[in-house]
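# Descriptive structure summary
Below are the chains, spelled out letter by letter.
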There are 2 protein chains.
Amino acid sequence: METETATRWLTDTEQCAWRTHLEVNRLLTYQLEKDLQPFGLTMNDYEILVNLSESEDLRMRMSDLASATLQSKSRLSHQITRMENAGLVRRENCESDRRGLFAVLTDHGMETMRKVAPHHVASVRRHFIDLLSPEALTELDKALKPIAEHLRGHRGRP
Amino acid sequence: METETATRWLTDTEQCAWRTHLEVNRLLTYQLEKDLQPFGLTMNDYEILVNLSESEDLRMRMSDLASATLQSKSRLSHQITRMENAGLVRRENCESDRRGLFAVLTDHGMETMRKVAPHHVASVRRHFIDLLSPEALTELDKALKPIAEHLRGHRGRP
DNA sequence: CCTAAGAAGTTGAATTGTGAACTAGTCTTG
DNA sequence: CAAGACTAGTTCACAATTCAACTTCTTAGG
């Protein structure tokens, strides 16, 4: 039986902040995606390249990559297949666990990364970072960190 | 010819804030979506219901709804078709412009809205609003507003 | 060791999203 | 008022995402 608790609607301030947050996310995602498009990459592609390029031996296990990028195994599998066809990564068997696979950054993937990164960073600056004062930035991070924490706790991932 | 300008990479602080921001968005979207799922709605559905329910006569022109929700015409068209099949909205011709259509909230749509809204609001509170101090909230809004502004300027919508 | 439970990944069908081409109505202007 | 340019919206073909089923390997327990 539901306890008949009155709904705590959002105050105007809350509502406003919430909607701004939603809007920024959407517009920002759209814009970054668009800025990446000329290079034939999506944000997803890019994020995977970043993860691999920052990893030991330029490789990661599929599951680790999936959870690092917050995607389902299935989605990642399709994604890697596409990127493999584009020559950005390749799959490689794992010695120690024969069920496992690595996604490995190829030379072409690395090269692409090097070429695209500056543009992407510029885009992130232009549309986000440079629009915030340094103080606002640290405040933002400080405010958001616990939320990330909280949400990570709510596991039950894609 | 590109002017050979050195890339201004992100500082650690910037990088950290940026990644937190990305992460929060993704986890939050996922969580809200998940909390809405038991009611058979997606965030997209919900947002459209909100827009319609707040509009004069519970109706909006397709294009206006598309730009309000930042979707392409095409996507909205499909979306409304689905929601029409679910009985949440219906299409209605526009007298004054015979090319035009309204998406109109049905009684069932309104009813659904009333039933779902409290849960959604609770979800937004639990996973976002209530995790921020009131000051942090206003700061957040103040920081993000100009970004929204900036991005809206960059029109070239989906 | 042998079996059952569980983890790593893939596959394929069904949904949903994208982009360009298309229909139909409106507006402008010569 | 007719032609061309433009706007509203849909449709079609294709790409990306989801979800459940499936294969293969690993590991715990008895």
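Heads up: the structure comes first, above all this text.
In what follows, the accompanying structure is described. (Residues numbered from 1 in each chain as written. Chains lettered and ligands numbered in written order. Predicted model: local features only at pLDDT ≥ 70, side-chain atom pairs only at ≥ 80, totals over all residues.)

### Things to note about the overall build of chain A
The following threshold applies: Secondary structure counts use DSSP, requiring at least four H or I residues in a row for a helix and at least two E residues in a row for a strand, with both numbered from the N terminus. Our radius of gyration looks at C-alpha atoms and nothing else; its globule reference is 2.2 Å times the residue count to the power 0.38. Any residue whose C-beta has 12 or fewer other C-beta atoms within 10 Å is treated as exposed, any with 20 or more as buried, and any in between as partly exposed, C-beta atoms being built from the backbone. By definition, residue pairs are in contact when their C-beta atoms, positioned from the backbone, come within 7 Å.
When helices and strands are tallied, chain A shows 6 helices and 3 strands. Here the C-alpha radius of gyration of chain A, 19 Å, is well above what a compact globule of 158 residues would show, namely 15 Å. For chain A, the C-alpha atoms occupy an extent of roughly 55 × 45 × 25 Å along the three principal directions. Looking at chain A as a whole, 22% of its 158 residues qualify as buried. Here the analysis covers contacts within chain A between residues at least 6 apart in sequence; of these, 48% occur between residues at least 24 apart.

### Examining the interface of chain A and chain B
Put simply, the test is: Three classes are used, and their members are as follows: Ala, Val, Leu, Ile, Met, Phe, Trp, Tyr, Cys and Pro are nonpolar, Asp, Glu, Lys and Arg are charged, and the others, Gly among them, are polar.
Contacts between chain A and chain B engage 46 residues on the former and 46 residues on the latter. By residue class, the composition of the side of chain A that touches chain B is 27 nonpolar, 10 polar and 9 charged.

### Structural notes on the nonpolar core
Condition: Under the definition applied here, buried Ala, Val, Leu, Ile, Met, Phe, Trp, Tyr and Cys residues are grouped into a nonpolar core through C-beta atoms within 7 Å.
Val24, Leu28 and Leu140 of chain A together with Leu140 of chain B are the most contacted members of the largest nonpolar core, which has 27 residues in total. Contributing elements (two or more residues each) for this core: α1 (12-36) and α6 (134-153) of chain A together with α1 (12-36) and α6 (134-153) of chain B. Considering every element that reaches this core, the biggest residue donor is α6 of chain B, with 6 residues. Ignoring sequence-local partners within four residues, the contact set of leucine 140 of chain B consists of Ala17, Leu140 and Ala143 of chain A together with Leu132 of chain B.

### Quick notes on the sheet that holds strand β1 (residues 59-61) of chain A
Residue and element names in this part refer to chain A. The test is simple: At least two bridges found by DSSP between two strands are what make those strands a pair. Here, axes are lines fitted to C-alpha atoms. For helices the fit covers the stretch in contact, and angles between N-to-C directions go from 0 to 180 degrees.
Strands sit in the order β1-β3-β2 across an open sheet of 3 strands; the sheet is antiparallel. Among the strands making up the open sheet, the edge pair consists of β1 and β2 (89-93). Strand after strand, the sheet turns through a mean of 30° between neighbouring axes, direction not considered. Sheet topology places β2 next to strand β3 (residues 101-105); 5 bridges connect them, and they run antiparallel. Residue pairing in the sheet places asparagine 93 in a bridge with leucine 101 of β3. Contacting β1, β2 and β3, helix α2 (residues 43-53) crosses the sheet at an angle of about 95° to β3.

### Some points on the protein's contact with DNA strand D
Worth spelling out the cut-off: A residue counts as near a molecule or strand when its C-beta atom, positioned from the backbone, falls within 6 Å of it.
Of all residues adjacent to DNA strand D, which total 22 residues, the nearest are Ser74 of chain A together with Met62, Ser63, Ser74 and Ser77 of chain B. Elements that contribute at least two residues to the surface near DNA strand D include exactly α4 (73-85) of chain A together with α3 (62-68) and α4 (73-85) of chain B. The element that contributes the greatest number of residues to the surface near DNA strand D is α4 of chain A, accounting for 5 residues. For the surface near DNA strand D, the residue count by class is 3 nonpolar, 10 polar and 9 charged.

### Notes on the protein's contact with DNA strand C
As a structural note, the neighbourhood of DNA strand C is formed by 22 residues, with Met62, Ser63, Ser74, Ser77 and Gly100 of chain A the closest of them. Contributions of two or more residues to the surface near DNA strand C are made by α3 (62-68) and α4 of chain A together with α4 of chain B. At 5 residues, α4 of chain B tops the list of elements feeding residues into the surface near DNA strand C. The residue makeup of the surface near DNA strand C, split by class, is 3 nonpolar, 10 polar and 9 charged.

### Quick look at the packing of α6 of chain A against α6 of chain B
Packed helices, taken two at a time, are described by their axes: the angle between them and the distance between them. Counted only if it meets this: When an angle is under 35 degrees it counts as roughly parallel; over 145 it counts as roughly antiparallel; between 65 and 115 it counts as roughly perpendicular; any other value is oblique. By convention, the crossing between two helices is left-handed when the near helix turns anticlockwise from the far helix through less than a right angle, and right-handed when the turn is clockwise.
Look at α6 of chain A against α6 of chain B: their axes get within 10 Å of each other, and the N-to-C directions meet at 130°. Classified by the angle between their axes, α6 of chain A and α6 of chain B sit oblique to one another. Of the two possible hands of crossing, α6 of chain A and α6 of chain B adopt the one that is left-handed. Here Ala136, Glu139, Leu140 and Ala143 of chain A of α6 of chain A lie close against α6 of chain B, whose contacting residues are Ala136, Glu139, Leu140 and Ala143 of chain B. Per-class residue counts for the contact of α6 of chain A with α6 of chain B are 6 nonpolar, no polar and 2 charged.

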